[in-house]
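# Structural overview
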Amino acid sequence: MVRRQLRIAQVIMFVQTVASLGIWVVQLLTISARLDHGQDVAGSVWFVIVINPLIAALVALAAAFLTRRPWARGLALAMEAVGAVSALISVITGFYQAGIAILLAIGVMVLVTSGSQRSTQIA
């Protein structure tokens, strides 16, 4: 059961990586369009644009090792928390589709945490 929860989390994390990069491209295009029309772009948006690919890479790394290395669970939890905060910034700045990322991050954190607690109890 523990391994299954971690596998589900792993799949979600790989999907998050792909979706995050897709949203990043949309955000880049939106920012480009805003700049072309002389509109201002908030500093927080620039922060998210820079950090988003890094978060995606670290989420993919954690997902790749989630079932094999104990450190990957900690990295997964940390990246999901950072990703949720980043997504919240995106929602606040007008990229409402990032709200889905917040829900997925919470789901992954629950799966990884409950999987870690059960494996500790079993041992």
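Now for a look at the structure at hand. All of these numbers come straight from a predicted model, not from anything done at the bench. (Residues numbered from 1 in each chain as written. Predicted model: local features only at pLDDT ≥ 70, side-chain atom pairs only at ≥ 80, totals over all residues. Heavy atoms only, no water.)

## Some remarks on the packing of helix H1 (residues 2–36) against helix H2 (residues 43–65)
At a closest axis distance of 9 Å, the pairing of H1 and H2 adopts a crossing angle of 165°. Accordingly, the angle class assigned to the pair H1 and H2 is roughly antiparallel. Pair H1 / H2 crosses with left-handed handedness. Where H1 abuts H2, its residues Gln-10, Met-13, Phe-14, Gln-16, Thr-17, Ser-20, Leu-21, Trp-24, Gln-27, Leu-28, Ile-31 and Leu-35 lie against Val-45, Trp-46, Val-48, Ile-49, Asn-52, Pro-53, Ala-56, Val-59, Ala-60, Ala-62, Ala-63 and Ala-64. Residues that form the contact of H1 with H2 fall into these classes: 18 nonpolar, 6 polar and no charged. (Axes fitted to C-alpha atoms, helices over the stretch in contact; angles between N-to-C directions. Helix = DSSP H or I, 4+ residues; strand = E, 2+ residues; numbered from the N terminus. Parallel < 35°, antiparallel > 145°, perpendicular 65-115°, else oblique. Left-handed = near helix turned anticlockwise from the far one by under 90°. Contact = heavy atoms within 4.5 Å. Nonpolar A, V, L, I, M, F, W, Y, C, P; charged D, E, K, R; others polar.)

## Considering the environment of Pro-53
Its location among the elements puts Pro-53 in helix H2. Spatially, the C-alpha atoms of Pro-53 and Thr-17 are 8.7 Å apart, while their sequence positions differ by 36 residues. Setting aside its immediate chain neighbours within four residues, Pro-53 contacts Leu-21 and Trp-24.

## Quick notes on the packing of aromatic side chains
Tallied over the full model, the rule gives 1 aromatic pair. Ring geometry for Phe-65 versus Trp-71: centroids 5.5 Å apart, planes at 40°, classification tilted. (Phe/Tyr/Trp six-rings, centres within 6.5 Å; stacked < 30°, edge-to-face > 60°.)

## Details of the layout of surface pockets
Unoccupied space between atoms shows up once a probe the size of one water molecule is rolled over them. Roughly 360 Å³ of internal volume is contained in the largest pocket. Lining of the largest pocket is provided by 24 residues; of these, Gln-16, Ser-20, Asn-52, Gly-83 and Ala-101 occupy positions nearest its centre. Here the residues of the lining of the largest pocket sort into 14 nonpolar, 9 polar and 1 charged. (1 Å grid on protein atoms, 1.4 Å probe; cavity = no way out; pocket = protein on both sides within 12 Å on 5 of 7 lines; lining within 4 Å. Points joined across faces, edges and corners; volume = space filled by probe spheres on them.)

Shape descriptors only; they carry no functional weight alone.
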